[in-house]
Amino acid sequence: MVNRIKNMILWLLGICLIITMWASSSGQMKDRKMSGMDINVNVDDGNFFVNADDVKQVIKNMIPGIDTMKLTEINSRLLEESIENHPSIARAEVYSALNGNLRVDVYQRKPIARLQNGGSGFYIDDNGKRMPLSTHFSADVPLITGFVADSSLVLIHDFLIQTAQNPFYKDFFAGIDVDKKDHWKLYPKAGNHSILLGEPTDAERKLKKLETFYRSAVDEKSFKELKTIDLRYEKQVISTKH
């Protein structure tokens with residue numbers, strides 16, 4: 001019983017000590033000026049649309065005197081919203097670190113295709129939204145050309161998301177060309193041939209048919225000779241050679 005009471009007292013003293021230390025730290029943080037900025041831009045997807053200097057400039061434009069402000073005077077949510085207004089940024093997290101620095105974690109938007117129509121163009125991101133091109137970085141994504149209506153953008157987004165989740169077709173296609181009838185021609189990264197998909201309806205079935213053709217009817221020699229693979233017919237695949 002005595003040991004239990006001693007343990008209880010020690011536990012309560014420990015809790016009180018933690019609360020006291022936390023209160024002291026909070027008081028110090030309240031009066032502490034920002035000592036610097038730690039800006040981390042996530043590049044796990046291999047995209048380099050923005051860097052730490054770009055983000056710092058956004059922050060300085062939003063709050064010119066931020067270097068002399070106390071940490072508690074900085075509106076973190078307002079800063080996050082300002083950073084997220086950048087066309088290449090998907091999400092930002094701003095918070096105070098224990099060392100007195102302002103921590104900024106930035107997550108870039110992820111393009112999955114680039115549409116080029118004459119001199120103008122834009123990316124389509126993984127949420128199906130338009131994303132402007134960058135002047136200092138070009139993402140390695142499929143190029144979309146031809147007559148692309150807004151309704152086609154939705155189909156292209158869904159198609160590329162679907163193929164990205166398929167082990168056989170992940171990072172497989174270099175481009176898609178859309179004609180006036182909304183018929184698609186696909187260009188794989190490997191080889192020197194094109195794939196006539198036709199209308200993008202029932203694309204999953206057509207891709208399964210294409211995978212079967214590659215695996216069962218194409219060897220290294222015939223792969224190099226391929227010119228077109230036609231998937232437009234219900235129960236057959238027609239190929240031509242150079």
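Residues numbered from 1 in each chain as written. Predicted model: local features only at pLDDT ≥ 70, side-chain atom pairs only at ≥ 80, totals over all residues. Heavy atoms only, no water.

### Let's talk about the side chain of R109
Here is step 1: Examined against the element boundaries, R109 turns out to sit in the loop between strand 3 (101–108) and strand 4 (111–117).
Here is step 2: From its side chain, R109 meets the backbone oxygen of P87 in a polar contact 2.8 Å long.
Here is step 3: Within the structure, the side chain of R109 is placed 2.8 Å from the backbone oxygen of R130, a separation counted as a polar contact.
Here is step 4: Those residues in contact with R109, other than ones at most four positions away along the chain, are N47, F49, P87, S88, I89, A90, D125, K129, R130, M131 and P132. (Helix = DSSP H or I, 4+ residues; strand = E, 2+ residues; numbered from the N terminus. Polar contact = N/O pair within 3.5 Å; in protein donor to acceptor, adjacent residues only side chain to side chain. Contact = heavy atoms within 4.5 Å.)

### A word on the sheet that holds strand 6 (residues 130–131)
Here is step 1: Taken in spatial order, the nine strands of this open sheet run 6-5-4-7-8-9-10-11-12, and their pairing is mixed. In this open sheet, the two strands that pair with only one neighbour each are strand 6 and strand 12 (238–241).
Here is step 2: Pairing geometry for strand 9 (residues 184–188) and strand 10 (residues 194–198), over three bridges, is antiparallel. Within strand 10, the position partnered with K185 by the bridge is L196.
Here is step 3: Relative to strand 10, helix 5 (residues 203–217) is tilted by about 150 degrees, and along the sheet it contacts strand 8 (173–178), strand 9, strand 10, strand 11 (226–230) and strand 12. (Pairing = 2+ DSSP bridges. Axes fitted to C-alpha atoms, helices over the stretch in contact; angles between N-to-C directions.)

### Section: the pairing of strand 11
Here is step 1: The buried fraction of strand 11 amounts to four of the five residues, a majority that puts the element mostly inside the structure.
Here is step 2: Sheet topology places strand 10 next to strand 11; three bridges connect them, and they run parallel. Bridging across to strand 11, I195 finds its partner in I229.
Here is step 3: In terms of strand pairing, strand 11 meets strand 12 through four bridges, oriented antiparallel. Looking at strand 12, one finds that L226 is bridged to K241. (Buried < 20%, exposed > 50% of the residue type's maximum accessible area, 1.4 Å probe, protein only.)

### What to know about unusual backbone geometry
Here is step 1: Unusually for a residue other than glycine, D171 sits at a positive phi of about 60 degrees.
Here is step 2: Tracing the backbone through its elements, the reader meets D171 in the loop between helix 4 (150–164) and strand 8.
Here is step 3: Its identity as a non-glycine residue notwithstanding, D182 has a phi of 65 degrees, on the positive side.
Here is step 4: Within the secondary structure layout, D182 lies in the loop between strand 8 and strand 9.

### Thoughts on the environment of A97
Here is step 1: You can see A97 is positioned in the loop between strand 2 (89–96) and strand 3.
Here is step 2: The exposure class of A97 is buried, given its relative accessible area of 18%.
Here is step 3: A C-alpha to C-alpha distance of 9.5 Å links A97 and L71, two positions 26 residues apart in sequence.

### Re helix 3 (residues 76–84)
Here is step 1: Among the residues making up helix 3, those that are buried are L79, E80, S82 and I83. When helix 3 is viewed along its axis, its buried side chains cluster within an angular range of 165 degrees and face the same direction.
Here is step 2: Check the buried side of helix 3 and you find it contacts helix 2 (52–62), strand 2 and strand 3. (Arc of directions from axis to C-beta.)

### Remarks on the confidence of the model for the protein chain
Here is step 1: Per-residue pLDDT for the protein chain has a mean of 88; in total, 88% of the residues score no lower than 70.
Here is step 2: For the stretch residues 20–27, pLDDT sits under 50, and the model shows zero contacts to residues farther than four places along the chain or on other chains. (pLDDT = per-residue confidence, 0-100.)

### Observations regarding the sheet that holds strand 1 (residues 36–42)
Here is step 1: The strand order 1-3-2 describes an open sheet built from three strands, whose pairing is mixed. Edge positions in the open sheet fall to strand 1 and strand 2, since each of these has one partner strand only. Taking the axes of each pair of neighbouring strands and ignoring which way they run, one obtains an average angle of 15 degrees across the sheet.
Here is step 2: Two strands pair when backbone bridges link them, and strand 2 and strand 3 are joined in this way by seven bridges, in the antiparallel orientation. Bridging across to strand 3, R91 finds its partner in Y107.
Here is step 3: Packed onto the sheet, helix 2 meets strand 1, strand 2 and strand 3 and runs at close to 125 degrees relative to strand 1.

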